[in-house]
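So the chains spell out like this:
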Amino acid sequence: MMNFIIEYLESSLKLMVKISIYISAVMVLTEFLKNLKIIDWLNTKIYPFTKHLGISEGANFPLIIGYLIGVTYGSGMIYQSYKNGEMNKKDIYLVCTFIAIAHAIIEDTLLFSAFGANLIIIFGVRTLLAIVVTYFANKVFTKIKAVD
Amino acid sequence: MIRKSLVDGMKNSFSTILFIAKIILPVMFVVKILEEINFVYWFSNTLEPLMSLFSLNGDTALTLLLGNFINIYAAIATFETINVTTTEVTVIAIMLLISHSQITEGFVFKKLGVSLSYIISIRVVSAIVVGWIVSVIIL
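For clarity, every value in this text was computed on a predicted model and none was experimentally measured. (Residues numbered from 1 in each chain as written. Chains lettered and ligands numbered in written order. Predicted model: local features only at pLDDT ≥ 70, side-chain atom pairs only at ≥ 80, totals over all residues.)

1. Comments concerning the overall build of chain A
Rule in force here: The secondary structure listing takes helices from DSSP runs of H or I that are at least 4 residues long and strands from runs of E that are at least 2 residues long, numbered from the N terminus. Comment: burial labels come from other C-beta atoms within 10 Å of the residue's own C-beta, placed from the backbone, where a count of 20 or more is buried, 12 or fewer is exposed, and between is partly exposed. Our contact criterion uses C-beta atoms placed from the backbone: two residues qualify when those atoms are within 7 Å.
For chain A, the count of helices and strands is seven helices and zero strands. Ordering the α and β elements of chain A from the N terminus gives α-α-α-α-α-α-α. Counting over 148 residues, chain A shows a buried share of 41%. A fraction of 66% describes how many contacts in chain A between residues 6 or more apart in sequence connect residues 24 or more apart.

Pasting the structure below:
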């Protein structure tokens, strides 16, 4: 029992340290990218594609962070964007749908390729699926006005 | 500009870390208990026959269950004891990567205001459908 608690404390402390470092790095980097207008520039490049998923411009960056780095970090970005009013409820649903299926794409893909999985298949299928599911989720949400 | 970015970035990270800690810490505790009591072993036997649907060895049911209830690392650990070919790993990887850590990640999404049943069912259903399609093609 004591062991269990110590193990839990140790692993959660380690994880929180890791998360804190990552989050601080991502958040500070984001501020730099914002102030240097790089995010605006990135948005003009990516938005022509992501707008077909039904998301607004402010949702682009959280989507990319979640897709590349992971759910935890993506959720942090979504939380910030929503607080700043850059995302609405539907954006949250759509971005979450996308990253629920495809996230931490770099780390996850490499992890399984170490066990012999086909890198291109696991990367491609997951990304394609995320796009397709989010596309249709948007169609459904718009039709039934489930999330507004 | 540099100062402003640093200050704003740190300010944002503080509230974000707090937001994440409030979800992760209690949920990790529950997941840890599930791991400790070998929760998934209780019904991995029942799911074993279903794995033939994906042309997979019955033992991989345990891999998928551990991945979904605990995390990807717990799932991967089973590769040590289960014999799987690299094509089988590809199918398992796809299913696992689409649908894993449902408890931890589910509560993160829930905290953002997304319905838990929506997000879990989307992941589980697409993992099953896509896993089946890929297994038919490559196995």
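2. Re the overall build of chain B
Our working rule: We compute the radius of gyration from the C-alpha atoms alone; for a globule the expected value is 2.2 Å times N to the 0.38, where N is the number of residues.
A count of helices and strands for chain B gives seven helices and zero strands. Going from the N terminus to the C terminus, chain B shows its helices and strands as α-α-α-α-α-α-α. Relative to the globule expectation of 14 Å for 139 residues, the C-alpha radius of gyration of chain B, 18 Å, shows a markedly less compact shape. Dimensions of chain B, computed from the C-alpha atoms along their principal axes, are close to 55 × 35 × 30 Å. When the 139 residues of chain B are sorted by exposure, 40% land in the buried category.

3. Some details on unusual backbone geometry
Residues and elements named next belong to chain A. Despite not being glycine, Lys 37 shows a phi value in the positive range, around 65°. For Ala 104, which is not glycine, the phi torsion reads 45° and is therefore positive. Examined against the element boundaries, Ala 104 turns out to sit in the loop between α5 (89–101) and α6 (105–113).

4. Side note on the confidence of the model for chain B
For any part of a model where pLDDT is low, the fine detail of the predicted coordinates should not be relied upon. Residue and element names in this part refer to chain B. Threshold: Confidence scores here are pLDDT values: one per residue, from the predictor, ranging 0 to 100.
Model confidence for chain B is summarised by a mean pLDDT of 93, while 100% of its residues fall at 70 or above. Predicted confidence in chain B is weakest over helix α2 (residues 41–47), with a mean pLDDT of 87, and strongest over helix α7 (residues 116–138), with 97. Interface predicted TM-score (ipTM) for the complex: 0.91; the corresponding pTM is 0.91.

5. Comments concerning the packing of helix α1 (residues 2–35) of chain A against helix α1 (residues 2–36) of chain B
Cut-off, in case you're wondering: Fitted lines through C-alpha atoms serve as axes, helices being fitted only where they are in contact, and the angles separating the N-to-C directions of these axes extend from 0 to 180 degrees. Relative orientations are named as follows: roughly parallel for angles under 35 degrees, roughly antiparallel for angles over 145 degrees, roughly perpendicular for angles from 65 to 115 degrees, and oblique for any other angle. In this scheme the crossing of two helices becomes right-handed for a clockwise turn of the near helix relative to the far one and left-handed for an anticlockwise turn of less than a right angle. Here the term charged refers only to Asp, Glu, Lys and Arg, the term nonpolar to Ala, Val, Leu, Ile, Met, Phe, Trp, Tyr, Cys and Pro, and the term polar to all other amino acids, Gly among them.
The contact between α1(A) and α1(B) brings their axes to 7 Å, and the two run at 150°. Of the possible angle classes, the one that applies to α1(A) and α1(B) is roughly antiparallel. For the element pair α1(A) and α1(B), the recorded crossing hand is right-handed. When the residues that make up the contact of α1(A) with α1(B) are grouped by side-chain class, the tally is 18 nonpolar, 10 polar and five charged.

6. Thoughts on the interface of chain B and chain A
Contacts between the two partners involve 42 residues from chain B and, on the opposite side, 42 residues from chain A. If one sorts the elements of the side of chain B that touches chain A by residue count, α1(B) sits on top with 19 residues. Here the residues of the side of chain B that touches chain A are counted per class, giving 27 nonpolar, nine polar and six charged.

7. Let's talk about the packing of helix α3 (residues 60–69) of chain B against helix α5 (residues 86–98) of chain B
Residues and elements named next belong to chain B. Running from amino to carboxyl end, α3 crosses α5 at an angle of 25°, the nearest separation of the two axes being 9 Å. Of the possible angle classes, the one that applies to α3 and α5 is roughly parallel. With respect to the hand of their crossing, α3 and α5 are arranged in right-handed fashion. Within the contact between the two elements, α3 uses Thr 60, Thr 63, Leu 64 and Gly 67 and α5 uses Ile 92, Met 95 and Leu 96. The residue inventory of the contact of α3 with α5, partitioned by class, reads four nonpolar, three polar and no charged.

8. Focus: α1(A)
Definition in use: Here a helix's expected span is defined as the number of its residues, less one, multiplied by 1.5 Å.
Taking 1.5 Å of rise per residue, 34 residues should cover 50 Å, and α1(A) covers 49 Å from first to last C-alpha, within 8% of that figure. Taken together, the buried positions of α1(A) are A:Ile19, A:Ile23, A:Val26, A:Met27, A:Thr30 and A:Glu31. Among the structural elements, α3 (60–68) and α4 (71–83) of chain A together with α1 of chain B are those in contact with the buried residues of α1(A). Just beyond α1(A), the residue with positive phi is A:Lys37, at close to 65°.

9. A short note on the environment of A:Phe115
The residue A:Phe115 is located in the loop between α6 and α7 (119–144) in this model. A residue is classified by how many C-beta atoms lie within 10 Å of it, and A:Phe115, with 14 of them, is partly exposed. When near neighbours in sequence (up to four residues on either side) are disregarded, A:Phe115 contacts B:Ile76, B:Phe79 and B:Val89.

10. Notes on the environment of A:Thr30
Residues and elements named next belong to chain A. The topology assignment puts Thr 30 in helix α1. For Thr 30, a count of 24 C-beta atoms within 10 Å translates into the label buried. Separated by 18 residues in the primary sequence, Thr 30 and Ser 12 place their C-alpha atoms 26 Å from one another.

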